[in-house]
Amino acid sequence: MKIKYDFLVVGTGLYGAICAYELNKKGYRCLVIDKRNHIAGNIYTKNEDGINVHVYGAHIFHTSNRAVWEYINQFSDFNNYINSPVARYKNELYNLPFNMNTFSKLWNDVFTPDEAKNRIEEEKAAYHIDEPKNLEEQAINLVGPTIYEKLIKGYTAKQWGRPCTELPAFIIKRLPVRFIYDNNYFNDRYQGIPIGGYTKIIGKMLEGIEVRLNYDFFEHKEELLKEAKEVIYTGPIDQFFDYKYGPLEYRSVRFETETLNMPNYQGNAVVNYTEYEVPYTRIIEHKHFEFDSTSPKTIISREYSSTWKVGDEPYYPVNNDRNNSLCEKYKEEADKLTNVHFGGRLGQYKYYDMDKVIEKALEFVSTLGN
Ligand code: UDP
């Protein structure tokens with residue numbers, strides 16, 4: 001079989017699609033494959049009843065990188081959605097991220113930033129944590145034990161399948177703590193949801209490029225490797241090497257999606273259920289990511305976090321020491337393969353947000369010259 005493609009791109013998610021788009025623009029011949037029956041990987045959105053459903057979990061675009069923001073805006077306009085999740089703990093509702101609205105609701109004698117700070121300091125003084133060794137200690141150091149107990153402990157244990165004492169502190173660093181009345185979940189300068197959904201963006205990137213769906217890399221590996229000079233692989237790095245050092249650990253998510261005959265179920269796109277006893281972590285009401293839905297119905301997804309096993313959909317890499325050093329072994333193997341490039345959340349085994357994925361993809365393509 002003779003070489004037909006300069007690049008084979010495995011996976012039509014954000015990383016793969018950007019690489020394909022940029023390479024195609026530079027005149028490289030690309031073939032893009034995906035094992036699923038649709039493009040867009042986990043940012044796939046599907047229009048149902050006039051609502052863009054985030055089929056593989058909610059994706060809210062946010063970045064502080066202006067170049068990345070301008071880049072993604074070439075493919076779609078974005079609305080002005082600001083993520084402001086609400087947390088439900090038993091029969092109490094709190095604003096997230098942790099901010100003055102949360103503090104003043106939690107403590108009815110707290111009205112000012114100083115009062116909130118003092119209350120947190122007072123609470124955490126009893127714990128004497130200088131250098132947090134795990135997520136529990138990090139959380140207590142950051143916001144004190146009451147917020148930890150009500151808003152972090154149960155949610156995190158559900159999401160990661162283990163107690164906070166066995167989790168790395170960095171996970172919680174994603175969450176801002178603010179002493180102002182501001183419910184914006186992200187600190188980033190730019191934020192929004194693409195009008196018309198994410199699938200449209202990926203569709204535009206892949207325009208004019210050969211795409212094969214329902215096409216599994218591993219089933220066709222031999223012939224594919226003969227047809228393409230180089231490979232950009234965005235699947236799980238451990239799977240590429242047939243799990244030879246053992247599988248890396250991921251968290252998977254199961255979505256229970258329901259269409260309800262009512263226009264508005266929970267009044268917000270995201271409601272987190274932070275107590276351990278409620279089996280799901282959050283409920284997403286998809287229409288609230290957009291502002292123009294006139295649908296008399298609404299679609300909600302309950303998210304159940306689950307232990308991943310070979311064959312399940314991997315969502316979150318579990319970046320603890322054990323997995324990171326196992327991943328290093330795979331990366332050493334990967335480095336030996338000069339014509340295979342690993343990218344994206346699964347290819348790099350990193351908890352990347354979408355903006356980081358764009359940065360990484362553009363960085364990679366720029367190393368190839370013109
Ligand atoms: N988290 C929490 N309580 C919440 C929301 C988040 O304790 O109500 C913690 C939890 O440890 C989670 C981390 O913050 O793993 C990051 O949450 P984020 O919402 O950023 O995760 P993603 O949206 O990527 O699933």
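Above this text sits the structure in question.
Computed from a predicted model, the values in this text were never measured in an experiment. (Residues numbered from 1 in each chain as written. Predicted model: local features only at pLDDT ≥ 70, side-chain atom pairs only at ≥ 80, totals over all residues. Heavy atoms only, no water.)

Trainee: I'm lost on the sheet that holds strand β11 (residues 250-260) in this one. Help?
Mentor: Within a beta sheet, neighbouring strands are joined by backbone hydrogen bonds and run either parallel or antiparallel to one another. Taken together, seven strands build an open sheet; the order of strands is β7-β6-β12-β13-β14-β11-β15 and the sheet is mixed. Looking along the sheet, the strands with just one partner apiece sit at the ends: β7 (92-95) and β15 (316-317). Bridge count for strand β6 (residues 86-89) against β7 is four bridges, and the pairing is antiparallel. Opposite Tyr89, over in β7, you have Glu92 as the bridge partner. (Pairing = 2+ DSSP bridges. Helix = DSSP H or I, 4+ residues; strand = E, 2+ residues; numbered from the N terminus.)

Trainee: Would you mind going over the pairing of strand β12 (residues 270-273) with me for this structure?
Mentor: Residues Val270 and Asn272 of β12 are buried on one face, and the alternating residues Val271 and Tyr273, pointing to the opposite face, are buried as well. Pairing geometry for β6 and β12, over three bridges, is parallel. Note that in β12 the partner of Arg88 across the bridge is Tyr273. In the sheet, β12 pairs with strand β13 (residues 282-285) via three bridges, with the strands oriented antiparallel. Considered in β13, the bridge of Asn272 is made with Arg282. (Buried < 20%, exposed > 50% of the residue type's maximum accessible area, 1.4 Å probe, protein only.)

Trainee: Honestly, the site of the ligand in this entry has me stumped. Any pointers?
Mentor: Lining the immediate environment of the ligand, one finds 17 residues, of which Thr156, Trp160, Tyr185, Tyr316 and Tyr351 sit closest. At 2.8 Å, a backbone N or O of Leu151 approaches a nitrogen atom of the ligand. Contact between the ligand and Arg282: an oxygen atom at 3.1 Å from a side-chain N or O atom of the residue. When the ligand is considered free in solution it has 520 Å² of accessible area, and contact with the protein chains removes 93% of it. Among the elements that line the shell around the ligand, the one with the most residues is helix α5 (residues 135-160), at six residues. Broken down by class, the residue content of the shell around the ligand amounts to eleven nonpolar, four polar and two charged. (Near = heavy atom within 4 Å. Polar contact = N/O pair within 3.5 Å; in protein donor to acceptor, adjacent residues only side chain to side chain. Areas by Shrake-Rupley, 256 points an atom, 1.4 Å probe, with all protein chains shown as cover. Nonpolar A, V, L, I, M, F, W, Y, C, P; charged D, E, K, R; others polar.)

Trainee: Sorry if this is basic, but what is going on with the sheet that holds strand β2 (residues 30-33) here?
Mentor: Pairing in this open sheet of five strands is parallel, and the strands run β9-β2-β1-β10-β16 from one edge to the other. The open sheet terminates on both sides in strands that have one partner only, identified here as β9 (210-212) and β16 (340-342). For this sheet, the mean inter-axis angle between neighbouring strands, taken without regard to orientation, is 20°. As judged from the five bridges shared by strand β1 (residues 5-10) and strand β10 (residues 228-233), these two strands associate in the parallel manner. From the neighbouring strand, Val9 faces β10, where its bridge partner is Ile232. Against the sheet, helix α1 (residues 14-25) touches β1, β2 and β10, its axis set at about 165° to β2. (Axes fitted to C-alpha atoms, helices over the stretch in contact; angles between N-to-C directions. Contact = heavy atoms within 4.5 Å.)

Trainee: Looking at this model, I keep getting lost on the packing of aromatic side chains. Mind explaining?
Mentor: Two descriptors summarise a pair of aromatic rings, namely the distance from one centre to the other and the angle between the planes of the rings. All chains considered together, the criterion is met by 31 aromatic pairs. Between the aromatic rings of Phe61 and Phe78, the centroid separation amounts to 5.6 Å while the plane-to-plane angle is 65°, which identifies the pairing as edge-to-face. Pair noted here: Phe61 is in strand β5 (residues 61-63) and Phe78 is in the loop between α2 (66-73) and β6, with a separation of 17 residues, a long-range link. Taking the relative accessible area as the measure of exposure, Phe78 reaches 12% and is therefore buried. One aromatic cluster in this structure is built from Phe217, Phe218, Tyr233, Phe240, Phe241, Tyr245, Tyr330 and Phe342. The residue whose ring lies beneath Lys221 is Phe240, and the NZ or CZ to ring-centre distance is 4.8 Å. Positioned above the aromatic ring of Tyr280, the side-chain terminus of Arg302 is 5.9 Å from the ring centre. (Phe/Tyr/Trp six-rings, centres within 6.5 Å; stacked < 30°, edge-to-face > 60°. Lys NZ or Arg CZ within 6 Å of the ring centre and 35° of its normal.)

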